Amino acid sequence: MENEIYLDGNATTCVLPEAVHAAAQAMRKLYGNPSSSHAAGLKAKALLEAVRGRAARLLGTGDGRLMFNSGATEGIQTAVLSALCAVRERRARGETAASLLVYGATEHKAVPESLAHWNRVLALGLTLKKLPVQADGRHDLDALRALLPDAALVCTMAANNETGAISDLQGLGAVMEGAQALWMVDGVQALGKLDLTLSQTRIDYAMFSGHKLYAPKGTGMLYVRAGAPFTPLVVGGGQECGDRSGTENMAGIAALGAVLEALESGGAFRSRHELHGFRERIAASLRRALPGLVFNAPFATTLPTTLNFSVPGLSGRELLDVFDAANMRVSAGSACSAARAAPSPVLQAMGLPGWRSANAVRLSFGPLVDEATIAGACERIARCGDALRRAGMVCGHVPALPQDGVLQLTANGAHTWLLLDAASRGCVVIDPQPEFDTRMDRLLDAEGFRINAVLRTGDGTGWTQDGNRLALGSQVLQRLRFDNGRVCYLLGSTIGGELTARHAFIGDIGPDELPAGIVTSATVLCPARETQGILCTTLDANPEVDTAAPAMNLESDALETFFAAHPDAVLVDVREAYEHAACGSPAPAARVAVSVPLSRLVGRLPDWLRQRERMPLVFFCRSGNRSAKAAQCLRSLGYGPSFHVSGGMALAASAVRTVAAP
Ligand code: PLP
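This structure is a prediction, so every number in the text was calculated from the model and none was measured.

Trainee: Tell me about the site of the ligand, and please be specific about residues and values.
Mentor: The full set of residues close to the ligand is Ala72, Thr73, His108, Met157, Asn161, Asp186, Val188, Gln189, Ser209, His211 and Lys212. With respect to the ligand, the side chain of His108 contributes an N or O atom lying 3.4 Å from an oxygen atom. Between Ser209 and the ligand, the recorded distance is 2.6 Å, taken from a side-chain N or O atom to an oxygen atom. Relative to its free-state accessible area of 400 Å², the ligand is covered by the protein chains to the extent of 83%. Placement of the ligand is best described as lying within the second largest pocket. Grouping the constituent residues of the shell around the ligand by class yields three nonpolar, six polar and two charged.

As structure tokens, then:
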């Protein structure tokens with residue numbers, strides 16, 4: 001198995017070896033409670049203050065407070081609570097009529113959620129107002145100027161986690177000058193990447209998370225400007241000068257201290273110049289591998305450690321899958337589900353077209369990144385590009401082996417169906433969606449397929465044939481007309497002129513609308529839309545099937561026991577062909593899996609459903625999402641012994657080798 005290349009540094013980072021050592025030392029040797037007055041406590045206290053001193057120097061906190069806490073989310077709560085308590089006090093004194101809580105439109109969710117929460121808890125009735133950003137992701141300063149007279153608190157970030165867009169803190173500060181509003185800056189993505197001298201700014205609150213810069217999770221810091229209002233979030237033992245009670249996380253603070261030491265002394269972390277060079281190399285390999293790729297934020301005003309991009313015709317999920325197959329961890333710029341991509345609110349706020357905000361991918365690394373990682377990433381990006389080209393998913397002609405059957409392409413919950421006959425190189429398209437136009441053209445071109453017909457179930461258009469039957473190799477496609485121009489197409493073979501339908505493409509016609517005798521309970525009904533995440537249905541299907549009884553999910557460590565108890569069970573790999581092509585050298589096999597990509601599962605279903613003896617089918621994929629869908633689909637169709645591997649390949653303990661389906 002190839003080594004993992006981790007390019008999701010904006011989500012979290014590994015822990016610096018020196019930080020691991022420092023944490024271990026703190027636990028082994030400096031285990032005293034820093035509040036104790038004996039020697040053990042004093043040693044711990046000295047460590048605590050040394051780390052604070054270092055952080056204060058690096059962040060230029062001057063005479064402001066700097067407290068340790070569990071991370072930025074806690075820091076945000078504390079800052080928001082402090083600011084809102086101040087509003088309440090000023091209101092009580094009759095001093096303020098400010099009514100707005102202003103936050104950048106691209107802020108991390110923790111900010112608007114905290115504003116809404118504390119506004120509700122304190123019953124202040126303030127209005128949350130988004131501060132728009134420009135196309136480059138930077139705040140609209142004119143809009144801020146207009147909102148400022150009514151603002152009680154302004155929340156902006158120093159750098160964005162999805163795009164790496166660097167805020168114009170100087171420009172924001174100039175606008176904020178003289179305003180009554182308090183100013184909170186989320187510094188999470190800036191720590192170690194941008195120079196900050198907080199005490200020389202107008203910033204009232206700034207928060208940081210250690211785990212975004214090689215310290216462990218659960219460590220963080222909050223800066224509060226000298227004189228800025230402050231209300232502790234956690235009270236009790238009076239630690240951190242009463243600003244944040246609770247015995248300090250000394251192992252975490254020691255580790256954070258080691259990271260700050262590395263940052264202060266230089267050497268361990270890459271220079272800005274080197275990081276820009278790394279970004280150029282990755283960007284060049286992405287452009288070469290993925291023609292048409294667009295970067296979603298201009299490099300001139302983004303951190304060199306974050307690349308956010310979209311590729312026409314490819315979903316973020318598909319890109320994530322292929323990168324993951326190449327053992328390269330990146331992140332979807334937006335929260336996606338397999339069928340329905342939720343557009344990224346950050347990219348939407350920047351005014352990017354829907355396809356870019358729905359399909360964005362983020363590749364991010366930290367300043368500790370080394371040359372080998374960048375070189376490896378470039379090589380694997382090229383391999384992913386080749387795999388996608390071979391599958392016809394990006395342009396470039398690499399003929400692939402023709403395959404026949406039913407291919408299902410899904411976008412926004414709607415299905416396009418391709419009926420392929422390899423022998424005659426014929427293809428029929430049902431309910432085409434424009435999203436797939438270029439992909440279908442490339443795929444069919446590369447494999448030498450010819451389109452015989454493009455049909456729609458909604459209005460019956462596309463049928464140019466005399467009569468109601470069309471030959472597709474050895475199979476027959478039969479047209480059935482319904483009311484309002486709707487049409488259903490049956491695909492199957494004929495014996496003595498009688499059609500036995502394996503598949504029926506029913507559009508939005510309900511199974512109960514089909515005349516009796518037209519299809520059997522073994523006919524797979526292929527709708528135009530996905531309902532309840534189910535790919536297809538049959539006359540006897542039960543979409544409400546209880547997928548928990550008997551348990552559908554198999555934990556990876558229970559697989560060996562399962563296969564020992566069910567020697568006839570078949571392991572089915574539902575990953576797509578391009579994911580296999582993106583894998584490096586295959587791992588030595590502990591078990592052989594059959595490849596039935598999810599996009600071709602519906603084509604295979606009639607064979608499985610016809611079996612009298614139902615062997616257990618165990619589906620797996622990269623993350624467990626698609627395999628769960630496959631197992632759930634089979635169960636809903638009455639195929640009881642269908643299972644899936646929770647957590648997918650990522651957690652599968654035993655290496656598997658996948659072979660093409662017979
Ligand atoms: N703010 C930004 C910009 C972030 O990227 C994150 C984490 O993703 C947070 C806040 C929340 O940080 P944490 O989960 O460490 O509290």
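Having put the structure on the table, let's press on.
Trainee: Can you tell me about the layout of surface pockets, naming the residues and giving the values?
Mentor: In this approach, a probe sized like a water molecule rolls over the atoms, and the result shows the empty space that is left. By volume, the second largest pocket amounts to about 610 Å³. Lining the second largest pocket are 29 residues, with Glu107, His108, Lys109, Ala110 and Asn161 positioned closest to its centre. Elements with a minimum of two residues in the lining of the second largest pocket: α3 (72–92), β3 (100–104), α4 (110–121) and α10 (345–349). For the lining of the second largest pocket, a count of residues per class yields 13 nonpolar, eight polar and eight charged.

Trainee: Outline the sheet that holds strand β17 (residues 450–455), supporting the account with residue identities and numerical values.
Mentor: Spatially, four strands are ordered β14-β15-β16-β17 in an open sheet, and the strand pairing comes out mixed. With one partner strand each, in any of the chains shown, β14 (405–411) and β17 form the two edges of the open sheet. Neighbour-to-neighbour, the strand axes of the sheet open up by a mean angle of 20°, direction not taken into account. Pairing of β14 with strand β15 (residues 414–421), which is carried by seven bridges, proceeds in the antiparallel orientation. Paired with Gln408 across the two strands is Trp417, which belongs to β15. Running at roughly 15° to β15, helix α13 (residues 437–446) makes contact with β14, β15, β16 (426–430) and β17 of the sheet. Sheet contacts for helix α16 (residues 598–610): β14 and β15; angle to β14, the most-contacted strand, approximately 140°.

Trainee: Pulling in residues and values, what's your account of α3?
Mentor: In this model, α3 (21 residues) spans 30 Å end to end at C-alpha, consistent with the 30 Å of a helix rising 1.5 Å per residue. Most of α3 sits inside the fold, with 16 of its 21 residues counted as buried.

Trainee: Tell me about the packing of helix α1 (residues 17–28) against helix α7 (residues 250–265), and please be specific about residues and values.
Mentor: Two numbers describe how α1 lies on α7: the axes approach to 7 Å, and their chain directions differ by 145°. For the pair α1 and α7, the crossing hand works out as right-handed. For the pair α1 and α7, contact is made by Glu18, Ala19, Ala22, Ala23, Ala26 and Met27 and by Met250, Ala251, Ala254, Ala255, Ala258 and Val259, respectively. By residue class, the composition of the contact of α1 with α7 is 11 nonpolar, no polar and one charged.

Trainee: Go over the packing of helix α8 (residues 272–289) against helix α12 (residues 371–390) with me, naming the residues and quoting the values.
Mentor: Running from amino to carboxyl end, α8 crosses α12 at an angle of 10°, the nearest separation of the two axes being 8 Å. Judged by the angle between their axes, α8 and α12 are roughly parallel. Seen from α8, the contacting residues are Phe278, Arg281, Ile282, Ser285, Leu286, Arg288 and Ala289; seen from α12, they are Glu371, Ile374, Ala375, Ala377, Cys378, Ile381, Ala382, Gly385 and Arg389. Class assignment of the residues belonging to the contact of α8 with α12 gives a composition of 10 nonpolar, two polar and four charged.

Trainee: Describe α16, naming the residues involved and giving the relevant values.
Mentor: Taking 1.5 Å per residue, 13 residues should reach 18 Å; α16 reaches 19 Å between its end C-alpha atoms and fits that length. Listed as buried for α16 are Leu598, Ser599, Arg600, Leu601, Val602, Gly603, Leu605, Pro606, Trp608 and Leu609.

Trainee: Give me the nonpolar core: which residues, what numbers.
Mentor: Here is a general trend for soluble globular proteins: nonpolar side chains tend to be buried in one another's company. Formed by 53 residues in total, the largest nonpolar core has its most connected members in Leu148, Val154 and Met221. The leading source of residues in this core is α7, at 10 residues. If near-sequence neighbours (up to four positions away) are discounted, Met221 is found in contact with Ala55, Leu59, Leu66, Met67, Phe68, Asn69, Leu191, Ala206, Met207, Phe208 and Leu256. Counting 40 residues, the second largest nonpolar core, distinct from the first, contains Leu319, Leu320, Ala325 and Val369.

Trainee: Provide a residue-level description of the side chain of Thr78, including the pertinent values.
Mentor: Looking at the element boundaries, Thr78 is found in helix α3. The buried category is assigned to Thr78, whose relative accessible area is 3%. Separated by 2.8 Å, the side chain of Thr78 and the backbone oxygen of Glu74 make a polar contact. Setting aside chain neighbours within four positions, we find Thr78 in contact with Leu222, Phe230, Thr231 and Leu233.

Quick notes on the rules
Residues numbered from 1 in each chain as written. Predicted model: local features only at pLDDT ≥ 70, side-chain atom pairs only at ≥ 80, totals over all residues. Heavy atoms only, no water. Near = heavy atom within 4 Å. Polar contact = N/O pair within 3.5 Å; in protein donor to acceptor, adjacent residues only side chain to side chain. Areas by Shrake-Rupley, 256 points an atom, 1.4 Å probe, with all protein chains shown as cover. 1 Å grid on protein atoms, 1.4 Å probe; cavity = no way out; pocket = protein on both sides within 12 Å on 5 of 7 lines; lining within 4 Å. Sits in = over half its atoms within 2 Å of the grid points. Nonpolar A, V, L, I, M, F, W, Y, C, P; charged D, E, K, R; others polar. Points joined across faces, edges and corners; volume = space filled by probe spheres on them. Helix = DSSP H or I, 4+ residues; strand = E, 2+ residues; numbered from the N terminus. Pairing = 2+ DSSP bridges. Axes fitted to C-alpha atoms, helices over the stretch in contact; angles between N-to-C directions. Contact = heavy atoms within 4.5 Å. Expected span 1.5 Å × (residues − 1). Buried < 20%, exposed > 50% of the residue type's maximum accessible area, 1.4 Å probe, protein only. Left-handed = near helix turned anticlockwise from the far one by under 90°. Parallel < 35°, antiparallel > 145°, perpendicular 65-115°, else oblique. Core = buried A, V, L, I, M, F, W, Y, C linked by side-chain atoms within 4.5 Å.

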